[in-house]
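Geometric and topological summary
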Amino acid sequence: MSSKVFCYLIIFSSFLLCFATACNNAKQPPKTDIAKTPEELDIKASDVILAALKFAAENEGKIDDTIQLVYTNQLRLVYENNQFGTIWSSKEQWKPLADSLLHFIEYAKLYGLFPEDYHFPTLDSLNKKFKDTLAFNTRRDAVQWAKADLMLSDGFLHIIKDLKLGRLPQDSISQRKDSVLSDSFYLAQLEAVQRNGLLTEVLHSLEPIHGGYTALKEGIKHFLDSADNRVYTVVPPRPKKDSLPFTVALQQRLYEGGFIDSVQVDSAKLAGGVKKFQQTKGITVDGKAGNETIRLLNESDKDRFVRIAITLDRYKMLPEKMPTRYVWVNLPGYTMQLVERSEEHTSELQSQNRIS
């Protein structure tokens with residue numbers, strides 16, 4: 001290769017590098033920007049929102065090292081319609097709708113959702129700082145208010161999708177034809193909330209109207225009120241040889257659950273602890289830690305809630321309007337129903353048979 005050709009390649013490579021850099025030149029929002037007045041706070045927050053959205057568009061939704069937005073395209077439209085001003089706050093105060101949305105996210109499990117999916121840990125931390133009368137710099141920090149506003153909007157859009165379509169990926173057995181929501185649909189929901197101020201009512205209108213969904217959702221509060229959120233020792237499968245690690249884990253788990261009074265007991269007391277546990281679960285009481293007993297020992301209320309959430313999402317995969325006649329098969333319950341509805345859907349006839 002001649003020296004002239006080599007020089008051309010160097011120049012061309014440098015050009016490509018400069019071009020790539022120019023195409024990805026959005027600056028990360030500043031770490032902090034303290035306003036002197038509440039009015040100035042809103043102006044500064046608007047500038048930060050614009051900068052953050054530009055940066056997020058080029059960095060997979062990230063606006064800093066810890067916050068990643070999911071709905072960057074829709075957020076751009078939302079804030080363009082609002083001249084990039086804050087939506088959920090004004091002059092150093094949350095708007096009433098923001099308080100309602102924060103409350104909804106905090107108790108999202110009542111809807112079979114997970115608060116952490118909607119930035120709740122970070123929002124909760126910021127909310128406490130905003131309300132702290134001694135944290136003056138945080139309450140006047142336009143960067144923090146802008147990030148909180150973006151996270152609330154992103155969380156709101158995410159909730160819309162999860163309530164309407166669920167979190168499960170659409171597959172070949174899904175009966176829904178709308179697997180993606182349009183940008184206009186998201187914008188319409190936000191406009192409806194801003195127009196009437198009825199956040200819960202708008203979000204509730206997105207949920208399925210199936211009876212099974214409603215019944216399951218109504219039982220969530222009772223489940224959560226009595227849920228055991230402690231983290232227990234995992235009991236491994238019973239080995240054929242060298243059962244000492246298994247026995248140690250079993251003793252620790254039974255002790256944590258209050259079924260034995262010490263982490264080291266003899267075989268008789270260990271069997272007695274297993275029996276107590278089996279009684280609470282309504283399974284065969286034989287004092288032996290078999291596969292079913294071990295499975296239940298390792299099953300947590302967190303696992304049970306995940307199953308509830310998945311079941312609720314499966315209802316969201318059904319068509320919004322069911323046929324006038326269909327067969328409903330409940331595999332876990334070993335039942336099959338023939339459901340017939342009138343054309344006006346004012347009455348419903350059901351015949352049920354148990355699957356043998």
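Please read these numbers as outputs of a predicted model, since none were measured by experiment.

A word on the overall build of the protein
For the protein, the count of helices and strands is 15 helices and five strands. For the protein, buried positions account for 39% of its 356 residues. Residue pairs in contact within the protein that sit at least 24 positions apart in sequence constitute 58% of those at least 6 positions apart. When the accessible area of the protein is evaluated, it comes to approximately 21200 Å², of which 55% is carbon and sulfur surface.

Observations concerning the confidence of the model for the protein
Mean pLDDT over the protein: 87, with 85% of residues reaching 70 or higher. Confidence drops under a pLDDT of 50 for residues 5-23, and excluding neighbours within four residues, the segment shows three contacts in the predicted structure. The low-confidence segment residues 344-350 (pLDDT under 50) makes 15 contacts with residues lying over four places distant or belonging to another chain.

Concerning the nonpolar core
Tyr79, Trp88, Trp94, Leu152, Phe156, Ile159 and Leu203 are the most contacted members of the largest nonpolar core, which totals 57 residues. Within the residue set of this core, elements represented by two or more residues are helix H2 (38-58), helix H3 (72-81), helix H4 (96-106), helix H5 (120-130), helix H7 (142-164), helix H8 (183-196) and helix H9 (199-204). Residue contributions to this core peak at 13 residues, all from H7. Discounting chain neighbours no more than four positions away, the residues touching leucine 203 are Phe104, Phe156, Ile159, Ile160 and Leu163. Among the nonpolar cores identified, the runner-up in size contains 14 residues, and Val235, Phe277, Ile294 and Leu296 belong to it.

As for the packing of helix H10 (residues 211-218) against helix H15 (residues 301-316)
In the contact formed by H10 and H15, the axes pass within 9 Å of each other and the chain directions differ by 155°. The orientation of H10 with respect to H15, classified from their angle, is roughly antiparallel. The way H10 lies across H15 gives a crossing that is left-handed. Along its contact with H10, which presents Gly212, Tyr213, Leu216 and Lys217, the element H15 presents Ile308, Thr311, Leu312, Tyr315 and Lys316. A breakdown of the residues in the contact of H10 with H15 according to their chemical character gives five nonpolar, two polar and two charged.

Comments concerning a nonpolar patch on the surface
Judged by side-chain polarity, Val327, Val329 and Met336 come together as a nonpolar surface patch covering roughly 240 Å² of accessible area. Checked against the element boundaries, valine 329 lands in strand E3 (residues 325-330).

Re the pattern of salt bridges
Throughout the structure, instances matching the rule amount to 17 salt bridges. The shortest N-O distance in the salt bridge between glutamate 80 and arginine 76 comes to 3.2 Å. Highlighted residues: glutamate 80 and arginine 76, both in helix H3, separated by four residues, approximately one helical turn. Judged by its relative accessible area of 29%, arginine 76 is partly exposed. A salt bridge links glutamate 299 to arginine 304, with the shortest nitrogen-to-oxygen separation between them at 3.2 Å. Members of the salt-bridge network, linked through shared partners, are Glu292, Arg295, Glu299, Asp301, Arg304 and Arg307.

Points about helix H12 (residues 244-256)
Under the 1.5 Å per step criterion, the end-to-end length of H12 is 18 Å for 13 residues, consistent within 8% with the ideal 18 Å. Buried residues of H12: Phe246, Ala249, Leu250, Gln251, Arg253 and Leu254, and no others. In this fold, the buried residues of H12 make contact with helix H13 (267-281) and helix H14 (291-298). Positive backbone phi, approximately 80°, marks glycine 258, located one or two places after H12.

Overview of the packing of aromatic side chains
Counted according to the given criterion, the structure contains nine aromatic pairs. With centroids separated by 6.0 Å and ring planes inclined at 55°, the aromatic side chains of tryptophan 88 and phenylalanine 156 adopt a geometry described as tilted. Remark: phenylalanine 156 occurs in helix H7 and tryptophan 88 occurs in the loop between H3 and strand E1 (89-90); sequence separation between them is 68 residues. When its relative accessible area of 2% is taken as the criterion, tryptophan 88 is described as buried. Ring centres of phenylalanine 259 and phenylalanine 277 lie 5.5 Å apart, and the angle between their planes is 90°; on these two criteria the pair is classed as edge-to-face. Here phenylalanine 277 lies in helix H13 and phenylalanine 259 lies in the loop between H12 and H13, a separation of 18 residues in the sequence. Just as phenylalanine 259 is buried, phenylalanine 277 falls in that class too.

Definitions and cut-offs
- Residues numbered from 1 in each chain as written.
- Predicted model: local features only at pLDDT ≥ 70, side-chain atom pairs only at ≥ 80, totals over all residues.
- Heavy atoms only, no water.
- Helix = DSSP H or I, 4+ residues; strand = E, 2+ residues; numbered from the N terminus.
- Buried < 20%, exposed > 50% of the residue type's maximum accessible area, 1.4 Å probe, protein only.
- Contact = heavy atoms within 4.5 Å.
- Areas by Shrake-Rupley, 256 points an atom, 1.4 Å probe, with all protein chains shown as cover.
- pLDDT = per-residue confidence, 0-100.
- Core = buried A, V, L, I, M, F, W, Y, C linked by side-chain atoms within 4.5 Å.
- Axes fitted to C-alpha atoms, helices over the stretch in contact; angles between N-to-C directions.
- Parallel < 35°, antiparallel > 145°, perpendicular 65-115°, else oblique.
- Left-handed = near helix turned anticlockwise from the far one by under 90°.
- Nonpolar A, V, L, I, M, F, W, Y, C, P; charged D, E, K, R; others polar.
- Patch = residues over 30% accessible without salt bridge, like charges linked within 9 Å, V, L, I, M, F, W, Y side chains within 5 Å.
- Salt bridge = Lys/Arg side-chain N within 4 Å of Asp/Glu carboxyl O.
- Expected span 1.5 Å × (residues − 1).
- Phe/Tyr/Trp six-rings, centres within 6.5 Å; stacked < 30°, edge-to-face > 60°.

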